[in-house]
Amino acid sequence: MLKDITLGQYFPGNSFIHRLDAMIKLILSAVYLVIIFLIKNFYGYGLLAAFTLFTIIISTVPLKFVLKGIKPLLWFIIFTAILNLFMTGGTVIWQFGFLKLTKEGISFAVFMMLRIVFLVLGTSLLTYTTSPIALTDGIERLLTPFGKMGLPTHELAMMMSIALRFIPTLLEETDKIMKAQMARGADFQSGNLIKRAKALIPLLVPLFISAFRRADELAIAMECRCYRGGKNRTRLNESKIGYPDIIACVFVLLFALAIISVNKAG
Amino acid sequence: MIKTKNLEFKYNVDLDPVIKNININIKKGEFVAVLGHNGSGKSTLAKHFNAILLPSGGAVYIRGMDTRNENLLYEIRREIGMVFQNPDNQIVATIVEEDVAFALENLGVPSQEIRKTVDWALETVGMSEYKKHAPHLLSGGQKQRIAIAGILAMKPECIVLDEPTAMLDPIGRGEVINTLKRLNKSEEITIILITHNMDEAVFAHRVLVMNDGEIIKEGTPADVFSDVEGMKSVGLDVPQVTELMYELRKEGIDVPQDVLTIEQAYEVLSEVLC
Ligand SMILES: Nc1ncnc2c1ncn2[C@@H]1O[C@H](COP(=O)(O)OP(=O)(O)OP(=O)(O)O)[C@@H](O)[C@H]1O
Ligand SMILES: [Mg+2]
């Protein structure tokens, strides 16, 4: 039952977007997020929508798939919109008791909704088109400058990728222990919160013990394969920044310039 | 290739040694099986061959290199690969080929060369078609072959396997044992196989039997297993057909004692019965 959880929802493919270097993709996504907050008017959002749609189409990830990312956040989006709708001061259009609807409030609420939606679309497109390994690798390279300041970047990236590697194994194990305890009459589903939390103890204790044992064995296995930290380490898939990456950067830059000029329009 | 001299090891200075008086000499290209009941010190001994553990007394030499010499550590580890019981706990990466590449990445090999070696290693264990797969979706036998490929990529002279089949079903077990036999034959890699399964020891050139931290017996499988009573006295079994022959002899039927495989047993028995 726990196996159904998907993590780092990667959508394998070989599109232009998939082949971009992970570090570049991370940087461009950050730029995209900044652009979202720079937009001042509806022309800008029109441009943003066109740009986002274009990127989704060339990524070959089905639109339906990307939109699914918004669903869990739907209530959050509605809530922020309503909050902004009534909490913004300005010219009042309609009033009911202490609830005031202002012109500024309406446009602000719509902006806020659009911002969150595009934020989610942009970041989910990043995780859909980048494998977890490439993503951790990209983060490691992005953090390299901080490595010189003493941040253990290689170790952080290694921890992240090992965590990703062991999530399915540990989920499977949790499932197994859960079934074993249920077979002995354990009940994880009923009772109040405290009772249910208590029922988790016989699940967590064996899980932790086994995780420590695994960690121990993994450390020895890594030593046997000459692991000695990030120094002088090479990679099977050496990441190279190529023409596609440059094209993507130029494209995003042009897009940013377009947004800035449109901002002035209204 | 691997030589030990009066090797002794204690996990704790106050305790009795876990292994002692170990003097072995393993030659290049050999297939050696190590047997012994639980806690007899097999894993402890194996961990001395690639300097995971260092001797408390005596010494271990890998092609003349003393394992206590820290400068030779990675050279020794590259030469003597090691595979463990649980394949889940030795796979590091989320994609098969990335995992096989792990050792070479650590050794700083250039990426084109890694690519070539990884493809070769996967081909050799017969897992080429799975190179882009996620390891956790493979069967136990396949995972263990990936673990072997990960070691093979270092082009070691010798692979030490600590109960590599203990967690596998008979099909997975067969896959792993056949891979080992092939590596030993065609790649001339020295194999040291620690096992509880006597039918796997039958393929070895030489069998070492451990008991309470010492090697108490050493010889060809036929030599070692024909002493059924000796094996039982240290808590070990013999292959099923050998046991059958032993029982038949006890009943006064004249059959040879050094029968190890079903094929041999079939021949012997058809002679007796006809
Ligand atoms: N890390 C450790 N610290 C202390 N004692 C240990 C440690 N590992 C093993 N031992 C002890 O050393 C002895 C030999 O253990 P070892 O694991 O080498 O046996 P083994 O022959 O591999 O057994 P098995 O067949 O169960 O794998 C045992 O008595 C064990 O309790
Ligand atoms: Mg052991």
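Residues numbered from 1 in each chain as written. Chains lettered and ligands numbered in written order. Predicted model: local features only at pLDDT ≥ 70, side-chain atom pairs only at ≥ 80, totals over all residues. Heavy atoms only, no water.

Caption draft 1: Geometry of the overall build of chain B. Helix and strand content of chain B: 11 helices and 11 strands. Computed over C-alpha atoms, the radius of gyration of chain B comes to 20 Å, within 12% of the 19 Å expected from 2.2 N^0.38 for 274 residues, which places it in the range of a compact globule. The principal-axis extent of the C-alpha atoms belonging to chain B is close to 65 × 50 × 30 Å. Counting all 274 residues of chain B, 55% fall into the buried class. For chain B, long-range pairs separated by at least 24 residues make up 63% of all intrachain contacts whose partners lie at least 6 apart in sequence. Carbon and sulfur atoms form 48% of the exposed surface of chain B, whose accessible area is close to 12000 Å². (Helix = DSSP H or I, 4+ residues; strand = E, 2+ residues; numbered from the N terminus. Rg over C-alpha atoms; globule rule 2.2 N^0.38 Å. Buried < 20%, exposed > 50% of the residue type's maximum accessible area, 1.4 Å probe, protein only. Contact = heavy atoms within 4.5 Å. Areas by Shrake-Rupley, 256 points an atom, 1.4 Å probe, with all protein chains shown as cover.)

Caption draft 2: Highlighting the overall build of chain A. When you go through chain A residue by residue, the secondary structure sums to 10 helices and two strands. Moving toward the C terminus, one meets the helices and strands of chain A in the order α-α-α-α-α-β-β-α-α-α-α-α. The C-alpha atoms of chain A give 24 Å as radius of gyration, which overshoots the globular expectation for 266 residues (18 Å, by more than 25%). Its C-alpha atoms give chain A principal-axis dimensions of about 65 × 55 × 40 Å. For chain A, with 266 residues in total, the buried portion stands at 37%. Pairs at least 24 apart in sequence give 72% of the contacts found in chain A among residues at least 6 apart. The averaged location of the 15 negative side-chain charges in chain A is 7 Å from the averaged location of its 28 positive side-chain charges. (Lys, Arg positive; Asp, Glu negative; His and termini not counted. Charge placed at Lys NZ, Arg CZ, Asp CG, Glu CD.)

Caption draft 3: Inspection of the nonpolar core at higher detail. All names here are of chain B. Counting residues in each nonpolar core, the largest one holds 53 residues, and the members touching the most others are V100, I159, L180 and F225. Among the elements that take part in this core, helix α5 (residues 140–152) stands out by supplying six residues, more than any other. Those residues in contact with V100, other than ones at most four positions away along the chain, are V118, A121, L122, I146, A149, G150 and A153. Ranked by size, the runner-up nonpolar core spans 31 residues in total, among them M1, L53, I62 and I194. (Core = buried A, V, L, I, M, F, W, Y, C linked by side-chain atoms within 4.5 Å.)

Caption draft 4: Spotlight on the interface of chain B and chain A. Contact residues are listed per partner, giving 35 residues for chain B and 27 residues for chain A. Summing both sides of the interface, chain B and chain A together bury roughly 3100 Å²; the carbon and sulfur share of this comes to 55%. The three residues of chain B that bury the most area against chain A are N89, E105 and N106 of chain B, which together make up 21% of that side's buried surface. At the junction of chain B and chain A, the tally comes to five salt bridges. Of the charged contacts, one joins R225 of chain A and D99 of chain B as a salt bridge, the two residues approaching to 3.3 Å between their closest N and O atoms. Connecting chain B to chain A are 15 residue pairs in polar contact (both at pLDDT 80 or more). (Buried area = accessible area lost by both parts, 1.4 Å probe. Salt bridge = Lys/Arg side-chain N within 4 Å of Asp/Glu carboxyl O. Polar contact = N/O pair within 3.5 Å; in protein donor to acceptor, adjacent residues only side chain to side chain.)

Caption draft 5: View of the site of ligand 1. Residues and elements named next belong to chain B. Taken together, the neighbourhood of ligand 1 is formed by Y11, V18, H37, N38, G39, S40, G41, K42, S43, T44, E163 and H196. Within the side chain of Y11, a nitrogen or oxygen atom sits 3.3 Å from a nitrogen atom of ligand 1. Notes on ligand 1: free accessible area 640 Å², of which the protein chains cover 56%. For the shell around ligand 1, a count of residues per class yields two nonpolar, eight polar and two charged. (Near = heavy atom within 4 Å. Nonpolar A, V, L, I, M, F, W, Y, C, P; charged D, E, K, R; others polar.)

Caption draft 6: Local environment of the pattern of salt bridges. A complete count under the given rule lists 25 salt bridges over all chains for this structure. Residues R206 of chain B and E30 of chain B are paired through a salt bridge, measuring 2.7 Å at the closest nitrogen-oxygen approach. With R206 of chain B in strand β10 (residues 206–211) and E30 of chain B in the loop between β3 (25–26) and β4 (31–36), this residue pair connects regions lying 176 residues apart in the sequence. Take R206 of chain B and E30 of chain B: they sit in the same class, and that class is buried. Put simply, K132 of chain B and E97 of chain B hold a salt bridge, and the shortest N to O gap is 2.9 Å. Note that K132 of chain B is positioned in the loop between α4 (111–124) and α5 and E97 of chain B in helix α3 (residues 96–106), a separation of 35 residues in sequence. Here the salt bridges share partners, and the residues they tie into one network are D21, D137, R141, R233 and R235 of chain A together with E105 of chain B.

Caption draft 7: Focus on the environment of L83 of chain A. Residue placement: L83 of chain A occurs in helix α5 (residues 74–87). For L83 of chain A and I58 of chain A, which are 25 residues apart along the polypeptide, the C-alpha to C-alpha distance reads 36 Å.

Caption draft 8: Highlighting α4 of chain B. Residues and elements named next belong to chain B. Between its terminal C-alpha atoms α4 stretches 20 Å, which fits the 20 Å expected from 14 residues at 1.5 Å a residue. Those residues of α4 that fall on the buried side of the exposure criterion are S111, I114, T117, V118, A121, L122 and T124. Projection of α4 onto a plane perpendicular to its axis shows the buried side chains occupying an angular sector of 155°, all on one side. Along α4, exposed side chains directed more than 90 degrees from the buried face belong to Q112, K116 and E123. Structurally, α4 contributes buried residues whose contacts are with α3, α5 and α6 (170–186). (Expected span 1.5 Å × (residues − 1). Arc of directions from axis to C-beta.)

Caption draft 9: Highlighting the packing of aromatic side chains. Tallying each qualifying case throughout the model produces 11 aromatic pairs over all chains. Geometrically, the ring pair formed by F11 of chain A and F65 of chain A is edge-to-face, given 5.0 Å between the ring centres and 65° between the ring planes. Of the two residues, F11 of chain A is situated in the segment before α1 (16–19) and F65 of chain A in helix α4 (residues 63–67); the sequence distance between them amounts to 54 residues. Taken together, a centroid distance of 5.7 Å and an interplanar angle of 20° make the contact between Y227 of chain A and F102 of chain B stacked. Separated into two different chains, Y227 of chain A in the loop between α9 (193–224) and α10 (243–265) and F102 of chain B in helix α3 make up a pair that spans both. (Phe/Tyr/Trp six-rings, centres within 6.5 Å; stacked < 30°, edge-to-face > 60°.)

Caption draft 10: Expanded view of the domain arrangement of chain A. Once the domains are mapped, chain A shows domain 1 (1–130 + 240–266) and domain 2 (154–233). Relative placement of domain 1 of chain A and domain 2 of chain A: their C-alpha centres are 35 Å apart. (Domains from an automatic or database assignment.)

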